[in-house]
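Inside the fold
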Amino acid sequence: MEPRDAAAAALLSSDGEEAVKKKAVPKTEQLCTKGRMEQIFGFRMQDLTSWGSLVVLLNRPTDPASLGIFRCLFGLLMAIDVTQERGLSHLDYKYLDGAPVCRFPLFNFLQPLPLDWMYLVYVVMFLGALGIMLGYFYRLSCLMFISTYWYIFFLDKTAWNNHSYLYGLIGFQLTLMDGNRYWSIDGLRRPSIRNAHVPLWNYTVLRAQIFIVYFIAGVKKLDPDWVEGYSMSYLAHHWLFDPFKVILPVELVSLLVVHGGGLILDLTAGYLLFFDATRPYAFFFVSYFHCMNSQLFSIGMFSYTMLATSPLFCYADWPRRFFGRFPSFLRPVLPLTSPESQPSPSCVYPEVQSTDSREATAAAPPKASKLRLKHKFGAIFTILYLMEQLFLPYSHFITQGYNNWTNGLYGYSWDMMVHSRSHQHVKITYKDGRTGESGYLNPGVFTHTRRWKDHGDMLKQYATCLHGLLPRYNITDPEIYFDIWVSINERFQQRIFDPRVDIVKADWSPFRPNPWLMPLLVDLSPWRTKFQEIEGTLDNQTEIVFIADFPGLHLENFVSEDLGNTSIHVLQGKVKVEMVEEKKNHTLQPGEQIKVPAGAYHKVYTVSEEPSCYMYIYVNTTEAALQENFTKLFELQERIRNGTETEPLPPELQPLVAADDDGAEVNATDPIVRLFLKRQRRMKEVKKRREASVLERFERFAVKKYYTIRRGFLMTAIALRNLAVGLPPLEQLTREVAFANMKEPPSETNQDDRLHDEVGHGEL
């Protein structure tokens, strides 16, 4: 390995840039003059022995090409992100003026601006992203982007996730870096900065940030739930893993490929990207990983942003060599390919020691007579920022109020996909403070999100908001109680918060543990193996729910009339089942069971000293009967098609004859036949969608994105017009919004969702 190659692979490498042009030295002589550490890492141990030498190292002149390309890609992706995950296309639904909506800002004093002004905020953010991409008024563009981005980020905790946090961090980093030195409009406007060196710490911070994302994500995946394969077991059923299922059963695909592969990749990706020998393999696996994630999850631009960060680990001059291979007639519009970079005052250049004064004078670039404040600031920022990034993911002992079953506000800990949740039962009870009258609220009323179910701080904000809104509906000084049942990583369904506590008056502090948080019953985790054995003995029509509850509490449940043959089986502890209408109580020990009536309420009390564990086993008789009817209609339709049906069809079955006509409208009087024909048509559309060519899929994708972006920009234009000249007449505004709301033809996915609503069943 050449010294230049080895140096380019590390965090603190010179990336192939020589600060001083010297006479050519044979490679063997270069190897002899550089120590082993310098060959591998690009710096010497002496560079770390004093503060001055460290500052010189971090401000070493480096090629600006790779940083400039990343700046351009990041700005482009963030401009797209504004219309997608940041929510420009549906901004009016989220921030409609005057709507009674409960919001969840990080700080309660943060409130959204009026709707038209919120559109202006998004315009500033979008223009800032474009400015970053083009390198146009670069510092101002960065400030425009990060100021509005972080305002929107802090305005809604329910939208927090790791990658949105990462976007804000990178935007902040770029604000302090010289990202406009290469392929930028600023470079055309100001020749003095065009193609000028950038200090090494610009690359160090970005590379270290990406290393932290990968490595700490891997460390967090050392959680036993991930290692044992319970976090993301459902992913193994996705079609992307079909090649692995040719040689492995689904269970091993989940354990070895999904969980084992994800753990190993996160732990090693950062290291493998650093070194020349392993970087090609790292590029392959990292790219494959992020391309898969783009199909598995709805994570916006995150996969593409991470792909854009990978070239940062290459030689900083890779764009020059890459674009140098393009035809010469394209050179005017492509980035510079000249290997020469001009000196920059942002860098520290070493003095040239030579016995030939004329040679030294000709070879030496402008040099700093002493370290300037900006050089020291760059080094201080690098060290403090990286220390802060290493500390934050483990800072939850400070912000204890945000700890629930998982630590901290999800979004800055890099614990990506480690925990999956399912909610079986959510009940909100209010009690009039004056009359004592109680009632129930629809879960999620006055909100646009479900995220509050798992976070005590959001639950406190939600209860406070409901306390302020319910007096409008003649409920005085209301008390608010939440009964929320959650399963995390395939454990028992259990309560996450104490249902006996009035959350309005409950104590909560960001720096103290939440006193009304119920503990996660981790001692019951081994039962998950038994769950799989029990589920394996059931048929396709039988469903099961596993419940765990605390002593002194009870579960009030209503069994829908659709759920026949519902029974409770006790696994551990002792429970008392009260049949509300029958006014009878039954005490059950482990191994005992009881059938509960459909269409009626019952209560299950935990009367043992330890937590109780039991399971509901039930059959959706309505859905089972519907599927049986579908099977009979399908068999009849097949006989009609092949001419083996000899009996005359009754009038209500006549639509089956014309079912093959795709253009014919479904017109059946029998509701079962009508639902069957709609189901058949949608299944045919889904099959057609899955078998579509790449061009057809791209067309579908492009049309969907076109209408999404179109609505965002049209609604923005309406808002800016309103700010400039005032509101138009209501009729005109209605027509403009209707034009903006023009949508693409209904997608098969939406149709499938409606079908699920028609034939599915809700919570037990």
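Look a little higher up for the structure.
Just so it is clear, the model here is predicted, and its values are computed rather than measured.

Digging into the overall build of the chain
Along the chain, the regular secondary structure elements total 26 helices and 14 strands. The buried share of the chain, taken over its 764 residues, is 49%. Considering only residue pairs separated by 6 or more positions, the chain has 73% of its internal contacts joining residues 24 or more positions apart.

Considering the sheet that holds strand β12 (residues 593-595)
Strands sit in the order β7-β14-β9-β12 across an open sheet of 4 strands; the sheet is antiparallel. This sheet does not close on itself; its edge strands, each paired only once, are β7 (542-549) and β12. Direction aside, the axes of adjacent strands within the sheet are offset by 20° on average. Alignment of strand β9 (residues 563-572) against strand β14 (residues 612-620), held across 7 bridges, turns out to be antiparallel. By the bridge assignment for β14, Leu563 is matched with Asn620. Packed onto the sheet, helix α22 (residues 621-642) meets β9 and β14 and runs at close to 35° relative to β14.

Remarks on helix α8 (residues 138-155)
In a regular helix each residue adds 1.5 Å, so 18 residues correspond to 26 Å; α8 covers 26 Å between its end C-alpha atoms and thus fits that length. For α8, the set of buried residues is Tyr138, Ser141, Cys142, Phe145, Ile146, Thr148, Tyr149, Trp150, Tyr151, Ile152, Phe153 and Leu155. Next to the buried residues of α8 lie α5 (65-83), α7 (115-134), α9 (162-176) and α10 (185-189).

Digging into the side chain of Thr62
Structurally, Thr62 is set in strand β1 (residues 61-62). A polar side-chain atom of Thr62 sits 3.0 Å from the main-chain carbonyl oxygen of Arg60.

Focus on the pattern of salt bridges
One pass over the structure, following the stated rule, counts 26 salt bridges. The salt bridge partner of Arg320 is Asp63, with a shortest N-O separation of 2.7 Å. Of this pair, Arg320 sits in helix α17 (residues 318-323) while Asp63 sits in the loop between β1 and α5, and the two are 257 residues apart along the sequence. A single burial state applies to Arg320 and to Asp63, both of which are buried. Residues Asp178 and Arg181 are paired through a salt bridge, measuring 3.6 Å at the closest nitrogen-oxygen approach. Of the two residues examined, Asp178 and Arg181, each falls in the buried class. What emerges from the salt-bridge pattern is a single network uniting Asp81, Glu85 and Arg86.

Things to note about the sheet that holds strand β13 (residues 600-606)
As summarised here, the arrangement of the 4 strands in space is β8-β13-β10-β11, forming an open sheet in which the pairing is antiparallel. Sheet topology places β8 (554-559) and β11 (584-588) at the edges, where each strand pairs with a single neighbour. For this sheet, the mean inter-axis angle between neighbouring strands, taken without regard to orientation, is 20°. Pairing analysis gives 5 bridges linking strand β10 (residues 575-579) to β13, with the strands arranged antiparallel. Its bridge partner lying in β13, Val577 is registered against Val604.

Some points on the packing of aromatic side chains
Within a pair of aromatic rings, the relevant descriptors are the distance that separates the centres and the angle that separates the planes. Under the defined criterion, the tally for this structure stands at 51 aromatic pairs. An aromatic cluster is present here, built from Phe70, Phe74, Phe107, Phe109, Phe145, Tyr149, Trp150, Phe153, Phe154, Trp160, Tyr165 and Trp414 joined pairwise through their rings. One Lys or Arg, Lys221, reaches over the ring of Trp226 and ends 5.0 Å from the middle of that ring. Against the face of Tyr605 rests Lys576, its NZ or CZ located 5.2 Å from the ring centre.

What to know about the nonpolar core
In this structure, Tyr122, Phe145, Leu174, Phe241 and Trp414 are the most contacted members of the largest nonpolar core, which totals 98 residues. Here this core takes 13 residues from helix α11 (residues 200-220), the largest share from any one element. Residue contacts for Tyr122: discarding those within four places in its chain leaves Val82, Arg86, Gly87, Leu88, Leu91 and Ile152. Counting residues in each nonpolar core, the second largest holds 30 residues, with Tyr462, Ile480, Ile484 and Phe497 among its members.

What to know about unusual backbone geometry
Positive phi values are uncommon outside glycine, yet Asn195 reaches one of about 60°. Mapped onto the fold, Asn195 is located in the loop between α10 and β2 (198-199). With a phi close to 60°, Trp414 is a non-glycine residue in the positive phi region. Position of Trp414 relative to the elements: it lies in the loop between α19 (373-391) and β3 (421-431). Given the relative accessible area of 1%, Trp414 is considered buried.

Examining helix α21 (residues 527-536)
Residues of α21 that are buried: Trp527, Arg528, Phe531 and Ile534. Here the buried residues of α21 occupy an arc of 110° about the axis, which is enough to place them on one side. Looking at the buried residues of α21, the elements they touch are α12 (224-227), β7, β9 and β14.

A short note on the environment of Phe172
Inspection of the secondary structure assignment puts Phe172 in helix α9. Taking the relative accessible area as the measure of exposure, Phe172 reaches 33% and is therefore partly exposed. Separated by 22 residues in the primary sequence, Phe172 and Trp150 place their C-alpha atoms 9.8 Å from one another. When residues no more than four places from it in sequence are discounted, the contact partners of Phe172 are Ile146, Phe381 and Tyr385.

Let's talk about the environment of Leu76
As for its position among the elements, Leu76 is in helix α5. Leu76 gets classed as partly exposed once you look at its relative accessible area, which sits at 37%. On a C-alpha basis, the gap between Leu76 and Leu130 in space is 6.6 Å, while along the polypeptide they are 54 residues apart.

Considerations on the packing of α5 against α9
Axis separation between α5 and α9 bottoms out at 12 Å; the angle between their running directions is 135°. Judged by the inter-axis angle, α5 sits oblique to α9. When you trace α5 past α9, the crossing you get is left-handed. Contacts from Leu67, Phe70, Phe74, Met78 and Asp81 in α5 reach Tyr167, Ile170, Gly171 and Leu174 in α9. The residue inventory of the contact of α5 with α9, partitioned by class, reads 7 nonpolar, 1 polar and 1 charged.

Calculation criteria
- Residues numbered from 1 in each chain as written.
- Predicted model: local features only at pLDDT ≥ 70, side-chain atom pairs only at ≥ 80, totals over all residues.
- Heavy atoms only, no water.
- Helix = DSSP H or I, 4+ residues; strand = E, 2+ residues; numbered from the N terminus.
- Buried < 20%, exposed > 50% of the residue type's maximum accessible area, 1.4 Å probe, protein only.
- Contact = heavy atoms within 4.5 Å.
- Pairing = 2+ DSSP bridges.
- Axes fitted to C-alpha atoms, helices over the stretch in contact; angles between N-to-C directions.
- Expected span 1.5 Å × (residues − 1).
- Polar contact = N/O pair within 3.5 Å; in protein donor to acceptor, adjacent residues only side chain to side chain.
- Salt bridge = Lys/Arg side-chain N within 4 Å of Asp/Glu carboxyl O.
- Phe/Tyr/Trp six-rings, centres within 6.5 Å; stacked < 30°, edge-to-face > 60°.
- Lys NZ or Arg CZ within 6 Å of the ring centre and 35° of its normal.
- Core = buried A, V, L, I, M, F, W, Y, C linked by side-chain atoms within 4.5 Å.
- Arc of directions from axis to C-beta.
- Parallel < 35°, antiparallel > 145°, perpendicular 65-115°, else oblique.
- Left-handed = near helix turned anticlockwise from the far one by under 90°.
- Nonpolar A, V, L, I, M, F, W, Y, C, P; charged D, E, K, R; others polar.

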